[in-house]
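Residues per chain, in single letters:
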Amino acid sequence: MRRIVYALSLILIFTIPWEGAFHLPGLGTTATVAGLIVGACWLFMIVVAGQMRRPVLFLFAMAGFVAWVALTTFWSPDPLESLGSVYLWLQTLLFVFILWDLYRTKAALLAGLQAYVFGAYTAVFGAVLNYAQTNAFYTHEDRYSLGDTNPDGYGFILALGIPVACYLASSAEVPKVFRFINYAYLPVAFLGIALSGTRTAAVGAAIGLLYGLATLTRLSLFARVAVVGFLAAALFILLPVVQPLSSFQRLGTTGTEVTQGDLNGRTAQWRQGLRAFMDHPVFGVGTDMYRSVNTLSKVAHNSYLSVLVEEGLVGFTLFAVILAIVAGHVLHLPRWDRNFWMTVLLVWAIGASTLTWEHRKTTWLFLTFAVAAATAAVERARAAEVIDISDHAALERGLR
């Protein structure tokens, strides 16, 4: 039964990058439906088996945060709207517990990461299809994504996949047949981000590529030359294709927008949010209520500010504790894995500064995987120590 649920969870992870491509009437996105199926199967498995993996502090902190989110409905100006958000947060909490219970080994985590890369490939295919049909999400800048997914979130999904693909391509535990697939993701992601015109994604992608360059040191000289040659050829082919695109030219305005612009209107929204926080500093205005405190009726476009305004200092502290716990786990990983997960967290932190992503599955997928990876590393080290002690004891008995 566990193998079946694990296989279903891989399908769920595969659907996350392109969940906005399809909406099933009355049910939600593809990933939502897949999540409900996996959740039901996992709960059934837990009831039948009568046991699950022992929770860690990360899960307790997550549960405490969700409990606080639920409490904010009591002072929310629109309790029914907030209850809808609580329902989504409960789904996210279940998602985190499922991932923690199923992904106990490095092999399982690598498979989950690979499923995400395959899903990101699918997301780019959807954006290219929309481009071929001239079906732009934002027609005034010709920005493309898949389905009705906002290009900002779509581009960020692709950017997160870049360090993941590089890590998988350079991991000895991953079959060699996937090495080319993962390195090929880099030019594919470049095309997808160019179509999206997402400046934050471009910054995150640049950081991911820097990490990718570091991974080349794990390859033989011949393999390094082959990878660099392939990527250079792909860039030579793609540049003439993307250069005329308005979306790609938008990426070139990143520096100017940061130093002289208003981040596409975000700074004005943030100022209004901070004023609302000053009025409700401790308890917040209520979950999913950021739209009610700004004149544009928009979300915060900043995960940290969104939590601060909606959940107050109490909720923000809990959220910060969760992030600190994850970072603490990552810092205890072996150097190679630590560098990877720190890169992923940095890319996420950059994207979260311009996107409202505190509730997204992608966020909690990577946060949970980071904790699971650190825990798996500790368990491997302990197992190795037990084996060494056993071998030493056996050697002593032999000498006697």
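Our structure's up above, just so we're on the same page.
Predicted, not measured: the structure shown is a model, and the values here were computed from it. (Residues numbered from 1 in each chain as written. Predicted model: local features only at pLDDT ≥ 70, side-chain atom pairs only at ≥ 80, totals over all residues. Heavy atoms only, no water.)

J.: Explain the environment of Ala123 residue by residue, including any values.
T.: Structurally, Ala123 is set in helix H5 (residues 106–132). Taking the C-alpha atoms as reference, Ala123 lies 9.4 Å from Ile16; in sequence the two are 107 residues apart. Ignoring sequence-local partners within four residues, the contact set of Ala123 consists of Pro17, Trp18, Leu146, Tyr154 and Leu158. (Helix = DSSP H or I, 4+ residues; strand = E, 2+ residues; numbered from the N terminus. Contact = heavy atoms within 4.5 Å.)

J.: Quick rundown of the packing of helix H6 (residues 151–169) against helix H14 (residues 335–352)? Include the residues and the values.
T.: Axis separation between H6 and H14 bottoms out at 10 Å; the angle between their running directions is 175°. As far as their axial angle goes, H14 and H6 are roughly antiparallel. Contacts from Phe156, Ala159, Leu160, Pro163, Val164 and Tyr167 of H6 reach H14 at Trp336, Asp337, Phe340, Thr343, Val344, Val347, Trp348, Gly351 and Ala352. Residues that form the contact of H6 with H14 fall into these classes: 12 nonpolar, two polar and one charged. (Axes fitted to C-alpha atoms, helices over the stretch in contact; angles between N-to-C directions. Parallel < 35°, antiparallel > 145°, perpendicular 65-115°, else oblique. Nonpolar A, V, L, I, M, F, W, Y, C, P; charged D, E, K, R; others polar.)

J.: Tell me about the environment of Ser306, residues and numbers included.
T.: If you trace the backbone, Ser306 turns up in helix H13 (residues 303–331). By relative accessible area, Ser306 is classed as buried at 1%. A C-alpha to C-alpha distance of 22 Å links Ser306 and Val203, two positions 103 residues apart in sequence. Non-local contacts of Ser306, meaning those with residues more than four positions away in its chain, are made with Tyr290, Ala300, Glu311, Thr356 and Glu358. Among the polar contacts made by the side chain of Ser306, one reaches the side chain of Glu358 at a distance of 2.7 Å. (Buried < 20%, exposed > 50% of the residue type's maximum accessible area, 1.4 Å probe, protein only. Polar contact = N/O pair within 3.5 Å; in protein donor to acceptor, adjacent residues only side chain to side chain.)

J.: Tell me about the environment of Tyr6, residues and numbers included.
T.: Tracing the backbone shows Tyr6 in helix H1 (residues 2–15). Take Tyr6: its relative accessible area is 22%, and that puts it in the partly exposed class. With residues near it in sequence (within four places) discarded, Tyr6 still touches Leu102, Tyr103, Ala108 and Ala111.

J.: Pulling in residues and values, what's your account of H6?
T.: An ideal rise of 1.5 Å per residue puts 27 Å on 19 residues; H6 measures up with 27 Å between its terminal C-alpha atoms. Burial analysis of H6 places 19 of its 19 residues in the buried class, the great majority of the element. Looking at where H6 begins, the residue whose side-chain oxygen comes 2.8 Å from the main-chain nitrogen of Asp152 is Asn150. (Expected span 1.5 Å × (residues − 1).)

J.: Mind laying out a nonpolar patch on the surface, listing which residues take part and the relevant values?
T.: Taken together, the side chains of Leu71, Phe74, Trp75, Val282 and Phe283 make up a nonpolar region of the molecular surface, amounting to roughly 520 Å² of accessible area. In this fold, Phe283 is placed in the loop between helix H12 (266–279) and H13. For Phe283, a relative accessible area of 47% translates into the label partly exposed. (Patch = residues over 30% accessible without salt bridge, like charges linked within 9 Å, V, L, I, M, F, W, Y side chains within 5 Å. Areas by Shrake-Rupley, 256 points an atom, 1.4 Å probe, with all protein chains shown as cover. Salt bridge = Lys/Arg side-chain N within 4 Å of Asp/Glu carboxyl O.)

J.: How would you summarise the packing of aromatic side chains if you had to cite specific residues and measurements?
T.: For the coordinates displayed, the defined rule picks out 23 aromatic pairs. Here Trp75 and Phe283 contribute two aromatic rings whose centre-to-centre distance is 5.3 Å and whose plane-to-plane angle is 55°, an arrangement assigned as tilted. Of this pair, Trp75 sits in the loop between helix H3 (57–71) and helix H4 (79–102) while Phe283 is found in the loop between H12 and H13, placing the two residues 208 residues apart along the sequence. Classification of Trp75 as partly exposed rests on a relative accessible area of 33%. When the centroid spacing of 4.8 Å and the interplanar angle of 85° are considered together, the rings of Phe137 and Tyr138 count as edge-to-face. Take Phe137: its relative accessible area is 31%, and that puts it in the partly exposed class. Its relative accessible area of 26% is what places Tyr138 among the partly exposed residues. (Phe/Tyr/Trp six-rings, centres within 6.5 Å; stacked < 30°, edge-to-face > 60°.)

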